[in-house]
Amino acid sequence: MPSGEIQSIKREYLEGLNFSSLESCLEDSGVNPVHAKALFNAVQRRLDRALPEACDHLVPPLQRWLRSAEAPQQCPLVPVAQTPSADGYTHKHLLRLADGAEVEAVQMGFPGRFTACLSSQVGCAMGCVFCATGQMGFARHLTAGEIVAQALHVERQLRATQGERLRNIVMMGMGEPLHNFEPTMQALEILTDNRGLNIGPARVAISTVGHIPGIEQLARHPKRYSLAVSLHGASDAERAALVPINKKWPLADLLQACRDYSRIKRARVFFAWTLIGGVNDSDDHARRLAELLRGMDAHVNLIPLNPTEGFDGAAPADSRVRAFQEIIQDSGLPSTVRQRRGIDVAAGCGQLKVARANRASGLG
Ligand code: SF4
């Protein structure tokens, strides 16, 4: 392994080392790599105690190494706020990172099918106008360890409060995951490792606003995760008004990348359409959406808008949502309406962080 690569691995947190990196790290430090399995297990599964105490069952050389300055550190996530929704199905966690940056992780679901929605960046460069994170701008990418640590935090909460475990991961929190491709893939490799949390790859969804180079990379990636693409507009002009990145990666190219992905991976592509009253919720929009996806193995998720302070828009009436969905269904496209659980906890990405900042500045 080239020395530059070793250095970059050592800067990563323990949680962000995949199994082979951990083996290399131990070997490089003079510790027998045969102990990597026990250490990986302790980092990813023994969540009831902090490291290095969680490793006190490990062999002495490993314990000494973990306590040395040479060893990678555990990701120091500090819970800043946790808000449950009124219906109890959604818990949003605001977590502070070592540099003071804050990200959100959301725990959603029911016993037996809990999902963690994870952030991939601090802020986001894509600038979607209706999104609280987009309104913040981009600060930095997260490391693999910072992404994994969010999932471990949710798993720890589930175990402690409900005796449950995490079943699904969605990369749908703050940030565009395909804009932070390698750390996101490294994190998912770790979270799907059967020596760790062992989340099935089919239970992992990656949501993108249409980062075409990332979709192309994902099509070549050895694992098959679910791909969810946010559309929101059926023409370049309509879409660019909501999703500015459409000017760089226009609709026709995006749909071609999705068709290629579906063909290469032999997988259905999920399309998200945020319904905004009077903007993209008419019968005509529904018909044009159906036309765009004709012939593709696709599923449409309709999401009535989660209101944000920085965007003057509202969700349509339920009857309009139903009428929109009927047109989609009649065209032969499967679809679902995502229930707006968690609005009372500001569960749209970035909303809890903004709500807290507003309260601190007297705005909210
Ligand atoms: S919707 Fe997603 S891609 Fe768009 S600004 Fe928000 S976090 Fe970024």
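Since the structure is predicted, the reported quantities are computational estimates derived from the model, not experimental observations.

Caption draft 1: Focus on the sheet that holds strand S4 (residues 114-117). Across the sheet, 10 strands lie side by side as S1-S2-S3-S4-S7-S8-S9-S10-S11-S12; this open sheet has mixed pairing. Both outer strands of the open sheet, strand S1 (78-84) and strand S12 (335-337), are each paired with one neighbouring strand and no more. Here the strands of the sheet are splayed against their neighbours by 20 degrees on average, with no regard to which way each runs. Of the strand pairs in this sheet, strand S10 (residues 269-275) and strand S11 (residues 298-304) are connected by seven bridges, and their pairing is parallel. Across the sheet, residue valine 269 finds its bridge partner in S11, namely alanine 298.

Caption draft 2: Region of interest: the environment of valine 279. Relative to the helices and strands, valine 279 is located in the loop between S10 and helix H11 (283-292). By C-beta crowding, valine 279 is classed as partly exposed, having 19 other C-beta atoms within 10 Å. A sequence separation of 46 residues divides valine 279 from glycine 233, and the C-alpha atoms of the two residues are 9.2 Å apart.

Caption draft 3: The arrangement of helix H7 (residues 181-191) in detail. Where burial is concerned, most of H7 is hidden: nine out of the 11 residues are buried. Within H7, the full set of buried residues consists of Pro183, Thr184, Met185, Gln186, Ala187, Leu188, Glu189, Ile190 and Leu191. Against helix H3 (36-45), strand S6 (138-141), helix H6 (144-162), strand S7 (166-171) and strand S8 (204-208) lie the buried residues of H7.

Caption draft 4: Structural view of the nonpolar core. Val148, Ala151 and Leu191 are the most contacted members of the largest nonpolar core, which totals 90 residues. Here the element with the most residues in this core is H6; it accounts for eight residues. Two domains each donate at least three residues to this core, and these are domain 1 (3-67) and domain 2 (78-360).

Caption draft 5: Representation of the site of the ligand. Among the 12 residues in the neighbourhood of the ligand, the closest are listed as Cys124, Met126, Cys128, Cys131 and Gly134. The residue inventory of the shell around the ligand, partitioned by class, reads seven nonpolar, four polar and one charged.

Caption draft 6: Just the domain arrangement of the protein, in detail. With domains assigned, the protein is organised as domain 1 (3-67) and domain 2 (78-360). Just the C-alpha atoms count here: the centres of domain 1 and domain 2 sit 32 Å apart. Considering each element in turn, the side of domain 1 that touches domain 2 owes the most residues, five residues, to H3. The residue makeup of the side of domain 1 that touches domain 2, split by class, is five nonpolar, four polar and four charged.

Caption draft 7: Region of the structure containing the packing of helix H8 (residues 212-220) against helix H10 (residues 251-265). The geometry of H8 relative to H10 is characterised by a closest axis approach of 9 Å and an angle of 10 degrees between their N-to-C directions. Here H8 is positioned roughly parallel relative to H10, judged by the angle of their axes. Between H8 and H10, the residues in contact are Ile212, Ile215, Glu216, Leu218 and Ala219 and Asp253, Leu254, Ala257, Cys258, Asp260, Tyr261, Ile264 and Lys265, respectively. Counted by class, the contact of H8 with H10 contains nine nonpolar, no polar and four charged residues.

Caption draft 8: Representation of unusual backbone geometry. Non-glycine residue asparagine 198 carries a positive phi angle of around 60 degrees. Topologically, asparagine 198 is positioned in the loop between H7 and S8. You can call asparagine 198 partly exposed: it has 13 C-beta atoms within 10 Å. If you check the backbone angles, arginine 266 has positive phi at about 50 degrees while not being a glycine.

Caption draft 9: Quick peek at the pairing of strand S3 (residues 102-108). Among the seven residues in S3, six count as buried, and that is most of the element. For strand S2 (residues 90-96) and S3, the ladder comprises seven bridges, and the chain directions are antiparallel. The partner of lysine 92 across the bridge, within S3, is valine 106. Count of turn residues in the S2/S3 antiparallel hairpin: five residues, of which glycine 100 carries a positive phi of about 90 degrees. The pairing of S3 with S4 spans three bridges and is antiparallel. Residue methionine 108 lies in a different strand from S4, and its bridge partner there is threonine 115. Between S3 and S4, which follow one another and run antiparallel, lie five residues, and glycine 109 among them has a positive phi close to 120 degrees.

Caption draft 10: Region of interest: the packing of H6 against H7. Here H6 crosses H7 at 40 degrees, and the two axes come no closer than 8 Å. The orientation of H6 relative to H7 falls into the category oblique. As for the relative orientation of H6 and H7, their crossing is right-handed in sense. On H7, the residues that touch Ala144, Ile147, Val148 and Ala151 of H6 are Pro183, Thr184, Gln186, Ala187, Ile190 and Leu191.

Caption draft 11: Up close: the environment of lysine 265. Inspection of the secondary structure assignment puts lysine 265 in helix H10. The spatial distance from the C-alpha of lysine 265 to the C-alpha of alanine 219 is 6.4 Å, given a sequence separation of 46 residues. Contact partners of lysine 265, with chain neighbours within four places excluded, come to Ala219 and Arg224.

Caption draft 12: Molecular detail of the pairing of S1. Where S1 meets S2, six bridges bridge the pair, whose relative direction is antiparallel. Bridge pairing links glutamine 82 to histidine 93 in S2. Hairpin connection, S1 to S2: the antiparallel pair is bridged by five residues, and glycine 88 has positive phi, about 80 degrees.

Calculation criteria
Residues numbered from 1 in each chain as written. Predicted model: local features only at pLDDT ≥ 70, side-chain atom pairs only at ≥ 80, totals over all residues. Pairing = 2+ DSSP bridges. Helix = DSSP H or I, 4+ residues; strand = E, 2+ residues; numbered from the N terminus. Axes fitted to C-alpha atoms, helices over the stretch in contact; angles between N-to-C directions. Buried ≥ 20, exposed ≤ 12 C-beta atoms within 10 Å, placed from the backbone. Contact = placed C-beta atoms within 7 Å. Core = buried A, V, L, I, M, F, W, Y, C linked by C-beta atoms within 7 Å. Domains from an automatic or database assignment. Near = placed C-beta within 6 Å. Nonpolar A, V, L, I, M, F, W, Y, C, P; charged D, E, K, R; others polar. Parallel < 35°, antiparallel > 145°, perpendicular 65-115°, else oblique. Left-handed = near helix turned anticlockwise from the far one by under 90°.

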